[in-house]
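Inside the fold
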Amino acid sequence: MTGEAHLVVEGVRKVYGDVVALDDVSLAVGARDYVVLLGPSGSGKTTLLSVIGGFTFPSAGRITIAGREVTALGPAVRPTTTVFQDYALFPHMTVASNVGFGLSIRRVAAAEQRRRVAAALEMVGLAGFDKRGIHELSGGQRQRVALARALVVEPQILLLDEPLGALDLNLRRQMQDELLDLQRRTGRSFVHVTHDQEEAMALASLIVVMNKGRIEDMGPPQRVYARPATRFTATFMGESTQFDGRVVERASAQCLLVETAVGQLPVTGDLAPGSQVTIILRPENIRAEGGGEIALGEARVREAVFQGAHYRVLASRQDPAQDFVLRLPPQAAIEAGMALKLSCSAGDLVLLQR
Amino acid sequence: MRAGASTPTAESRAQARARLAGLGFALPAVAWIVLFFAAPIAIMAAYSLMPLGPDGRPGPLSFGAYESFFAESAFTQALWNSVVTTVVVVVASTLLAYPFAYGIARLLPKRWQRLALAFAILPFWTSYVVRSYAWLLALSPVGFINHALLGLHIIDHAILFAYNPQATELGFVHFFIMLNALTIYANLVQINPHYAMAARDLGASAWRCFLSITLPLSIPGIAVGAFLTIVLCIGDFVTPQILGGFRGLLLPQVVMMQIQRQLNLPMASVMSLVLTLVVALAYLAMQRWLKMARL
Amino acid sequence: MTGRMRWPGAGTALGAFYMALCYGFIFLPVIVLVLFSFQSGDLPAPPFNGPSLRWYLAAFADGRLVDGFTNSLMVGATSSALSVLLGFFAAYGIARYEFPFKRAIQAIVILPLAVSYLLIGMGLLVSASWLGFSPSLGTVVIGHVVVNMPLAFVICIAQLGEHQRRVEAAARDLGASTFRVLLSITAPMIAPALIAAFCLCFTLSWDETLIALLNTRFDVTLPVVILSLLRGGVSPLTNAAGSFIFLCSILLMVVVELLLLRQRR
């Protein structure tokens, strides 16, 4: 969290009939954070966004924005604005009328309104588009108009509901850069919902991983990716090799030895000997050319899939059985059945409870 | 494209076959319309230009019938009555139907909306005659309404509610509330709910949201309903005949008299065409107004 | 993102009250009609003397009404069948093929929807008179097809969209001729819509008064009979006949609803 708490969600619960959409969710967001709510469909991320925005009232819990409790306030009064997944631009109004709508509600004088609308359009790169009709715009342009409309009223927090879902890959990458830039320039907190972990990592200063209505893990992208707190987070954030094992002994403070299929592995953590654990290792941290601190034994290549910047290689060993997923450079000569000597650094091993 | 190709390619032959097939399928319908709709109207237009001479037979081409029409005050009065009645009916049924359709679309849960709508237009499925007759019964001095008012001692002798222009308008409004509710509902229901949410999110009150977002977006539904109302109302003979009494005749009634009493088909044709012209003008005005409302 | 907005309580109560008023207004004449069709006395007005089927029996015994009924049935069935046939073929041609003047042809087919019945009826009357044909039910059938065929067209063309096109393409891929595709694939697949269109056309023809009035003299349809009954003053006989018409229309529309509902699944 950067800065002190700007948005505080405390113990929020939302129940629809006997479906629990949100189960005791709490988080704190700083005034300049770019927060991404990440999770599969049904995880509750959109419901949480809806609760923050005031479109849904929680069954229990509190929302506080800039020190003021807003739980009972509707979206009109809350200091948040939302960019919807389908942009929801008013089809019967021009670009300028759309962007200026919030200002006209607030009875801003016409000249001032024009000035601010022009500034907002300039900020999203659509200067001169004011007189256009909505139907004349492309998907990317509509998205920018939706952003301008939401930002021109200077909300405390901008909420975005899967804003890049309808765009193709290149446009999405470009918009990601622009969103990040926009957030830095306006200096406001953004809360962004997505199911795409790469998008989350590209944008967030704080990732909130959600699953089945609960927060699985929360933190800066680097930490959440490299050292996930739960198994779900580990698999959702990316692929990994998983070693199931049992704690053998405490080697020293914060260091455990775990018996696995590839031998004893040292890992940071603090659990009683005998605990069942899983150790995960990200594919980019497995070395196949030898020389790593920890030897992981030999494995045979089962499959190699070309991904452009690297090969995604599935390898396994028998007796005891263990599957590996790792990366090899694109120029490597790989054959099925080829033997690889695998190793890694001790710091890359992450301990998860089972 | 090969330059100088003169032999038909397989593609162009297939295209020609497709053209023939398409035309073949559509032809019967088009022929029917041309033969039994366009041609009769053309014949009618010709008739309107051949006014009856003193011997009761259609005379040479002239605008005489049109002149007679506009000269006769009884006829122009009937035209005026028709226009006024139609305007009153359109305005009243739109104003009354809108909140009704809005209520069905927004206040009722989705599951009940179709049923509610079906019930709302149920009386639609009686014929004009039967429905107007039923209103005659309700409005007559021995009818239900008088009976109730007398019973509640609000009045002390029966009032003749029927046989006047207001009764005709009531009969029309009764029918057209249902028609307009249908078209307005159909439109309201497919407005993206996110528009209203976005407007509320930006600070609009419920009332402002309705005025700025919902109402403008429901204009197409209102317009279609209003146009259908104009077309059906201005040409209707039955309702004014049953409910309207003998003063304040509407033009379709005069048309009927021309056919049945005067046997003057040319004059009847003139009147029908004048009515159609009024509808066409209304259509053009509506188009223009809709375009302006868009901006 | 879904969110149910809070509605002010007073607004909802007012809205509900208004809707109740509207329903009351809409149903008032129908209730009066049906209630007094069961009148045992001679006047279809309060007081209501006990339910009696006297007037329904009188209606079924009345020669003019029975003739009008059978005439309406014939006119309705014939004109609806023709409307659906012509409308379906026109829809198929326009939906599946490219040919010159396609837009103009489509406009022509739906033109009658924008025109009042008076014009259509008058046109037919004048033309028949000019050509020397005397007024007859045949003219009414023709007029009803003019009025209803555009509706059948609109209903059919809505059913012939992308999904339907792909299924037909698969049939052709397997070797079916156009005729075979129409008969074995298209017609059965959109059968519910065809039947719904037929019922809708039938109901509209069944109720139609103006074209029938203008173009018939001796053999008349049911609504025209009722109109002439009115010249003799009000009577529960008219109520009974009117209620019967109403009931038939309702039944047909229920059939349409069921068919369309099942189609949506």
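Residues numbered from 1 in each chain as written. Chains lettered and ligands numbered in written order. Predicted model: local features only at pLDDT ≥ 70, side-chain atom pairs only at ≥ 80, totals over all residues.

Glancing now at the overall build of chain C. Counting its regular elements, chain C contains 12 helices and zero strands. Taken from N to C terminus, the helices and strands of chain C fall in the order α-α-α-α-α-α-α-α-α-α-α-α. Relative to the compact-globule value of 18 Å for 265 residues, chain C shows a C-alpha radius of gyration of 23 Å, a clear excess of over 25%. Sorting the 265 residues of chain C into buried and exposed places 46% on the buried side. Within chain C, residue pairs in contact and separated by at least 24 positions form 75% of the contacts whose partners lie at least 6 positions apart. (Helix = DSSP H or I, 4+ residues; strand = E, 2+ residues; numbered from the N terminus. Rg over C-alpha atoms; globule rule 2.2 N^0.38 Å. Buried ≥ 20, exposed ≤ 12 C-beta atoms within 10 Å, placed from the backbone. Contact = placed C-beta atoms within 7 Å.)

This part is about the overall build of chain A. Of the regular secondary structure elements, chain A holds eight helices and 19 strands. Dimensions of chain A along its principal axes, counting C-alpha atoms only, are 75 × 45 × 35 Å. By the burial criterion, 42% of the 354 residues in chain A qualify as buried. A fraction of 64% describes how many contacts in chain A between residues 6 or more apart in sequence connect residues 24 or more apart.

Next up on the list: the sheet that holds strand β5 (residues 68-69) of chain A. All names here are of chain A. An order of β2-β1-β4-β5 is seen for the four strands of this open sheet, with the pairing classed as antiparallel. Of all the strands in the sheet, just β2 (19-30) and β5 have a single pairing partner and so form its edges. For strand β1 (residues 5-16) and strand β4 (residues 60-65), the ladder comprises five bridges, and the chain directions are antiparallel. Paired with Glu10 across the strands is Arg62, a residue of β4. Packed onto the sheet, helix α1 (residues 45-53) meets β1, β2 and β4 and runs at close to 120° relative to β1. (Pairing = 2+ DSSP bridges. Axes fitted to C-alpha atoms, helices over the stretch in contact; angles between N-to-C directions.)

With that settled, the discussion passes to the domain arrangement of chain A. All names here are of chain A. Domain parsing of chain A yields domain 1 (5-235) and domain 2 (239-353). Just the C-alpha atoms count here: the centres of domain 1 and domain 2 sit 38 Å apart. Listed per partner, the contact involves five residues of domain 1 and five residues of domain 2. When grouped by side-chain class, the residues that make up the side of domain 1 that touches domain 2 number two nonpolar, one polar and two charged. (Domains from an automatic or database assignment. Nonpolar A, V, L, I, M, F, W, Y, C, P; charged D, E, K, R; others polar.)

Before going further, it helps to spend a moment on the interface of chain B and chain A. Taken residue by residue, the interface counts 17 residues in chain B and 17 residues in chain A. Elements supplying a minimum of two residues to the side of chain B that touches chain A: α8 (193-201) and α9 (206-217) of chain B. When residues in the side of chain B that touches chain A are grouped by element, the largest group, seven residues, is from α8 of chain B. Considered class by class, the residues forming the side of chain B that touches chain A number nine nonpolar, four polar and four charged.

The next thing to look at is the environment of Leu149 of chain B. Residue and element names in this part refer to chain B. Note on placement: Leu149 falls in helix α6 (residues 144-151). The spatial distance from the C-alpha of Leu149 to the C-alpha of Ile159 is 9.6 Å, given a sequence separation of 10 residues. Those residues in contact with Leu149, other than ones at most four positions away along the chain, are Ile154 and Ile155.

We now examine the interface of chain C and chain B. Each partner contributes to the interface: chain C provides 74 residues, whereas chain B provides 68 residues. Listed by contribution, the elements that provide at least two residues to the side of chain C that touches chain B are α1 (9-37), α3 (63-96), α4 (102-110), α5 (117-131), α6 (137-159), α9 (191-207), α11 (222-229) and α12 (236-264) of chain C. The element best represented in the side of chain C that touches chain B is α1 of chain C, accounting for 16 residues. Classifying every residue of the side of chain C that touches chain B gives 56 nonpolar, 15 polar and three charged.

Moving on, we come to the sheet that holds strand β9 (residues 206-211) of chain A. All names here are of chain A. If you trace the six strands from one edge of the open sheet to the other, you get β6-β7-β8-β3-β9-β10, paired in mixed fashion. Each edge of the open sheet carries a strand with a single partner, namely β6 (80-83) and β10 (214-219). Across the sheet, the mean angle separating the axes of adjacent strands is 20° when strand polarity is ignored. With four bridges connecting them, β6 and strand β7 (residues 157-161) associate as parallel partners. When the sheet's bridge partners are listed, Val83 is paired in β7 with Leu160.

In this section: the confidence of the model for chain C. For chain C, the average pLDDT comes to 85, and 94% of its residues sit at 70 or higher. In the predicted structure, residues 1-8 of chain C sits below a pLDDT of 50 and forms 13 contacts with residues beyond four places in sequence or in another chain. (pLDDT = per-residue confidence, 0-100.)

Residue and element names in this part refer to chain A. As paired elements, β4 and β5 share two bridges and run antiparallel to each other. Each bridged residue has a counterpart across the sheet, and for Thr64 the counterpart in β5 is Glu69. Remark: two residues form the turn of the hairpin made by β4 and β5, two consecutive strands paired antiparallel; Ala66 in that turn has positive phi of roughly 50°.

Turning our attention to the pairing of β9 of chain A. Residues and elements named next belong to chain A. Extensive coverage of β9 is indicated by the burial of five of its six residues. Where strand β3 (residues 34-38) lies against β9, four bridges are found, and the strand directions are parallel. When the bridges of β9 are listed, Val35 appears paired with Leu206. Inspection of the sheet shows β9 paired to β10 by five bridges, in the antiparallel sense. Among the inter-strand pairings, Val208 is bridged to a residue of β10, identified as Met218. Linking β9 back to β10 in an antiparallel pair, the connection comprises two residues, with Lys212 at a positive phi of about 50°.

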